[in-house]
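Residues per chain, in single letters:
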Amino acid sequence: QVQLVESGGGLVQAGGSLRLSCAASGSTFSINVMRWYRQAPGKQRELVAGISDDGSTDYADFVKGRFTISRENDKSAVYLQMNSLKAEDTAVYYCNGAHRLGRITTPGYWGQGTQVTVSS
């Protein structure tokens, strides 16, 4: 089992920044990809950014150039630095830790989420 706990959400004005953290504990050796998702009211959960064990990263087009994902080498935490925030970034942000083998990724583990609200 892996436990994920997000923090760092809050209320920020448009154009501002926030840094989300996700603390991971338990059997983190079973995880080789960590991702941030978000879910806005009335919308489906969507992938924001991911980072693999080899350090490679990927981002959704709508956050490229504004958000940066990073992690601790021991996989004890993953971060999401969010700059130039927009009102449409308002959502609950979730941390996910999963195992990817080839083209298959397990559903993995989820945190409880942290609310990010951007005022325009």
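Structure report, in brief. Bear in mind the structure is a predicted one, so any value in this text is a computation, not a measurement.

If you look at the biggest cluster of nonpolar residues, it comprises 27 residues, and the most contacted ones within it are W36, L80, M82 and Y93. When residues of this core are traced back to their parent elements, those giving at least two are β1 (2–7), β3 (18–26), β4 (33–39), β5 (46–52), β7 (67–71), β8 (77–82), β9 (91–98) and β13 (114–119). Considering every element that reaches this core, the biggest residue donor is β3, with 4 residues. In contact with L80, other than residues within four places in its own chain, are L18, R19, L20, W36, V48, A49, F67, T68, I69 and Y93.

This part is about the pattern of salt bridges. Counted under the stated rule, the structure contains 5 salt bridges. Among the ionic pairs, R66 bridges to D89, the shortest N-O distance being 2.7 Å. Of this pair, R66 sits in the loop between β6 (57–59) and β7 while D89 sits in the loop between β8 and β9; the two residues are 23 residues apart in sequence, bridging distant segments of the chain. Among the residues examined, R66 registers a relative accessible area of 10% and is labelled buried. When its relative accessible area of 1% is taken as the criterion, D89 is described as buried.

What counts as what
Residues numbered from 1 in each chain as written. Predicted model: local features only at pLDDT ≥ 70, side-chain atom pairs only at ≥ 80, totals over all residues. Heavy atoms only, no water. Core = buried A, V, L, I, M, F, W, Y, C linked by side-chain atoms within 4.5 Å. Buried < 20%, exposed > 50% of the residue type's maximum accessible area, 1.4 Å probe, protein only. Helix = DSSP H or I, 4+ residues; strand = E, 2+ residues; numbered from the N terminus. Contact = heavy atoms within 4.5 Å. Salt bridge = Lys/Arg side-chain N within 4 Å of Asp/Glu carboxyl O.

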